[in-house]
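# Commentary on secondary and tertiary structure
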Amino acid sequence: KQWYQRRVPITAGGAAIIPYLKEQLKVAVNETVKHGGCLGLGLAAMTSRNSEIYEQLKDNLFQDDAVIGEAAGLGMGLVMIGSLDSTALSDMISYAHETQHEKILRGLALGIALVCYGHLEAADPTIDSLAADKDPVLRMSAMYSVGMAYAGTGNNRAIRRLLHVAVSDVNDDVRRAAVISLGFILFNSAEQCPNVVSLLAESYNSHVRYGAALALGICCAGTGMKEALTILEPMINDPVNYVRQGALLASAMVLVQQNDHLCPKLKHFKELFSKTMSDKHEDVMVKFGAILAQGILRAGGSNCTISMRTHYGHTNVPAVVGLLVFTHTWFWFPLAHFLCLSFQPTFLIGLNKDLNMPNMQFKSSARPSTYAIVPVLEPPKEKEKEKVSTAILSTTAKKQAKTKGTANVSGSAMEVDTPAKVEKKPSSGINAESQSVLFSFF
């Protein structure tokens, strides 16, 4: 636990902006501004466990405003990530039972899951109490808490628990959350995820299918894994619109930072994304997924990937948090911006002591296509319109001929055919050469 506190300090940029955010949150009157202030303060103070910031966010939660309370509940969880603080859990769970606003409940559900992050069996008592609750939102929180508590461990007991809930709970949101959480537990052994969720991807329940798609996207992000794409490709043609949206998002997450050499299917999926975006008859929800998918493929100018591991192999806490909150795009689409927390740069910048780019040369034994840059999207070219000759109907032609004939009759004298000259054939008694007539007498 002490190592965890040392490895995840608050960033310098976050520390500098905290006083400003605290002041703006105090003086703000508009609920929309307060909503943004709570989220911003929670992000800036993420993992700090600052009691003063926590209390300020709790005061905003107790205003019982749906818009403000949702952000405040999530912000409290961001500040107390991985603490498993009994006071924080008690405050959040007790208020979740009191409030009548489902938005506040959803914010607290994510916040509770974040507080349980990384505590394995120590979080089981909290998870058990939430899983037995009558409120489906708190049971959904229990499923996310399992994913956070056992993130990256591949714990078999946690996987069995999630699979049991995914096929037995009466609420679709709980089942969807259970399947999505499988992706967080298995991300360190991504090759196992397609086998685990393959049957769930064919479930009769559309929410389970959506969860299976996102679980694959989260677990296999940036790998270009063929097995994952084989499961996701038919889901893009699913009859339910939000399942198609999830399949598009997950496909982009799997294909991020890939090129045509590393993953031959990339071209097919890119064409599919473009076709979905431009299809006038496609559902708006599916178009939204295709637009986000294009953005994910081009993350950081094609210089970023999605990874829940650092370069040293440790779990990247902000990336896990970002992907968890991103899954709540289902309820509130602006939360899609949290996905940026999971982006990791894949480029290398070299500078000398004067902060100038030095002249460097690298030798690579791989083919140039292995690391080729993905070509830039080109706007569709306008096709030149060919002039099509006007079709003339047979009735029109006859009418025109008739009209023309009538005009000729009225404008000139009647034409009379001249009799043809008849040439008389010479009889057998005429010599054509001498033109003389011979008579014969008997």
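Quantities reported herein were computed from a predicted structural model and do not represent experimental measurements. Think of each chain on its own: its residues are numbered from 1, step by step along the sequence as written. In keeping with the predicted nature of the model, local features appear solely for residues at pLDDT of at least 70, side-chain atom pairs appear and are counted solely at 80 or more, and the whole-chain, interface and lining totals rest on all residues. Where side-chain values are given, they derive from all heavy atoms of the structure, hydrogens and water being excluded.

## Things to note about the overall build of the protein
Looking only at helices and strands, the protein has 20 helices and two strands in total. Working definition: with a 1.4 Å probe on protein chains only, accessible area under 20% of the residue-type maximum means buried, over 50% means exposed, and in between means partly exposed. Per-residue burial for the protein yields a buried fraction of 45% across its 442 residues. Working rule for contacts: check all heavy atoms of both residues, and any pair within 4.5 Å makes them a contact. Within the protein, contacts between residues at least 6 apart in sequence are counted, and of these 70% link residues at least 24 apart. Throughout, the Shrake-Rupley method with a 1.4 Å probe supplies accessible areas, and for residues the shown protein chains are the sole cover considered. Of the roughly 25,300 Å² that the protein leaves accessible, carbon and sulfur atoms contribute 56%. Only DSSP runs of H or I reaching four residues or more are called helices, and only runs of E reaching two or more are called strands; each is numbered from the N terminus.

## Some points on the packing of aromatic side chains
Centres within 6.5 Å are what make two rings of Phe, Tyr or Trp a pair, Trp counting through its six-membered ring; a difference in plane orientation under 30 degrees is then read as stacked, over 60 as edge-to-face, and the rest as tilted. Following the criterion strictly, the structure yields seven aromatic pairs and no others. Taken together, a centroid distance of 6.4 Å and an interplanar angle of 55° make the contact between Phe-269 and Phe-273 tilted. Of this pair, Phe-269 and Phe-273 both sit in helix α16 (residues 266-278), four residues apart, which is roughly one turn of that helix. The class of Phe-269 is buried, set by a relative accessible area of 0%. Of the aromatic side chains, those joined through ring pairs into one cluster are Tyr-210, Tyr-242 and Trp-330.

## Some thoughts on the packing of helix α4 (residues 51-61) against helix α6 (residues 86-98)
For the pair α4 and α6, the least separation of the axes is 12 Å and the interaxial angle reads 10°. Here α4 lies roughly parallel to α6, going by the angle between them. Where α4 abuts α6, its residues Tyr-54, Lys-58 and Leu-61 lie against Thr-87, Ala-88, Asp-91 and Tyr-95. In this classification, the charged set is Asp, Glu, Lys and Arg, the nonpolar set is Ala, Val, Leu, Ile, Met, Phe, Trp, Tyr, Cys and Pro, and all remaining amino acids, among them Gly, are polar. Taken together, the residues of the contact of α4 with α6 sort by class into four nonpolar, one polar and two charged. Here an angle of 0 to 180 degrees is reported between the N-to-C directions of two axes, which are lines fitted to C-alpha atoms, with helices fitted over the stretch in contact. By the definition adopted for this analysis, an angle is roughly parallel if under 35 degrees, roughly antiparallel if over 145, roughly perpendicular if from 65 to 115, and oblique otherwise.

## A short note on the nonpolar core
Leu-74, Phe-184 and Cys-220 are the most contacted members of the largest nonpolar core, which has 126 residues in total. Per-element accounting of this core gives the leading share, 10 residues, to helix α15 (residues 241-255). Sequence-distant contacts of Cys-220, that is, excluding residues within four places in its chain, are made with Ala-190, Cys-193, Pro-194, Met-225, Ala-228 and Val-254. Buried Ala, Val, Leu, Ile, Met, Phe, Trp, Tyr and Cys residues form a nonpolar core when they are joined through side-chain atoms within 4.5 Å.

## A look at the packing of helix α9 (residues 136-149) against helix α11 (residues 172-185)
Orientation of α9 relative to α11, taken along the N-to-C sense of each, is 10°, at an axis distance of 8 Å. Of the possible angle classes, the one that applies to α9 and α11 is roughly parallel. For the pair α9 and α11, the contacting residues are Pro-136, Arg-139, Met-140, Met-143, Tyr-144, Val-146, Gly-147 and Met-148 in the first and Asp-173, Val-174, Ala-177, Ala-178, Ile-180, Ser-181, Phe-184 and Ile-185 in the second. Considering only residue class, the contact of α9 with α11 consists of 12 nonpolar, two polar and two charged.

## Some details on unusual backbone geometry
Positioned with a positive phi, Asp-64 is a non-glycine residue whose angle comes to about 60°. Checked against the element boundaries, Asp-64 lands in the loop between α4 and α5 (66-79). The class for Asp-64 is partly exposed, based on a relative accessible area of 35%.

## Re the pattern of salt bridges
Salt bridge criterion: a side-chain nitrogen from Lys or Arg within 4 Å of a carboxyl oxygen from Asp or Glu. Within this structure, the stated rule accounts for 11 salt bridges. Measuring nitrogen to oxygen at the nearest pair gives 2.9 Å for the salt bridge that ties Arg-209 to Asp-238. Note that Arg-209 is positioned in helix α13 (residues 206-219) and Asp-238 in the loop between α14 (226-235) and α15, a separation of 29 residues in sequence. The class for Arg-209 is buried, based on a relative accessible area of 10%. Judged by its relative accessible area of 10%, Asp-238 falls in the buried class. One salt bridge in this structure joins Lys-265 and Glu-233, with 3.2 Å as the shortest N-O distance. Here Lys-265, found in the loop between α15 and α16, pairs with Glu-233, found in helix α14; they are 32 residues apart in sequence, far enough to count as distant.

## Some details on the confidence of the model for the protein
Detailed reading of predicted coordinates is not advised where the pLDDT is low. The share of residues in the protein with pLDDT of 70 or more is 84%, and the mean pLDDT across the chain is 85. Low pLDDT, under 50, characterises residues 1-12; the stretch is placed with 21 contacts to residues that sit more than four places away or in other chains. Note on residues 427-442: pLDDT is under 50 here. Beyond four places in sequence and across chains, it has three contacts. Every residue is assigned a pLDDT by the predictor, reflecting its confidence on a scale from 0 to 100.

## Some points on the environment of Trp-332
Mapped onto the secondary structure, Trp-332 falls in the loop between α19 (317-326) and β2 (343-345). Taking relative accessible area as the criterion, Trp-332 reaches 31% and is therefore assigned partly exposed. Between the alpha carbons of Trp-332 and Lys-103 there is a distance of 9.5 Å; along the sequence they are 229 residues apart.

## A few points about the environment of Ala-15
Summarising the element assignment, Ala-15 is placed in helix α2 (residues 12-27). Classification of Ala-15 by relative accessible area gives partly exposed; the value is 40%. Ala-15 sits 30 residues away from Ala-45 along the chain, and the two C-alpha atoms are 7.1 Å apart.

## Regarding helix α3 (residues 31-44)
Under the 1.5 Å per step criterion, the end-to-end length of α3 is 20 Å for 14 residues, consistent within 8% with the ideal 20 Å. For α3, the complete set of buried residues consists of Lys-34, His-35, Gly-37, Cys-38, Leu-39, Leu-41, Gly-42 and Ala-44. Between the first and last residue of a helix there are one fewer steps than residues, each counted as 1.5 Å, and that sum is the expected span.

## Here's the deal with the side chain of Thr-99
You can see Thr-99 is positioned in the loop between α6 and α7 (102-115). In terms of polar contacts, Thr-99 uses its side chain to reach the side chain of Asp-64, at 3.2 Å. Setting aside its immediate chain neighbours within four residues, Thr-99 contacts Asp-64, Ile-104 and Leu-105. N or O atoms within 3.5 Å of each other form a polar contact, as long as, within protein, one can give a hydrogen and the other can take it, and as long as residues adjacent in sequence are counted only when both atoms are side-chain atoms.

## So, α7
Between its first and last C-alpha, α7 extends 20 Å over 14 residues, near the 20 Å set by a 1.5 Å rise per residue. The buried fraction of α7 is high, at 12 of 14 residues. Lining the buried residues of α7 we find α4, α5, α6, α8 (124-131), α9 and α19.

## Focus on the environment of Pro-19
Locating Pro-19 in the fold gives a position in helix α2. In this structure, the C-alpha to C-alpha distance between Pro-19 and Ile-53, residues 34 residues apart in sequence, is 10.0 Å.

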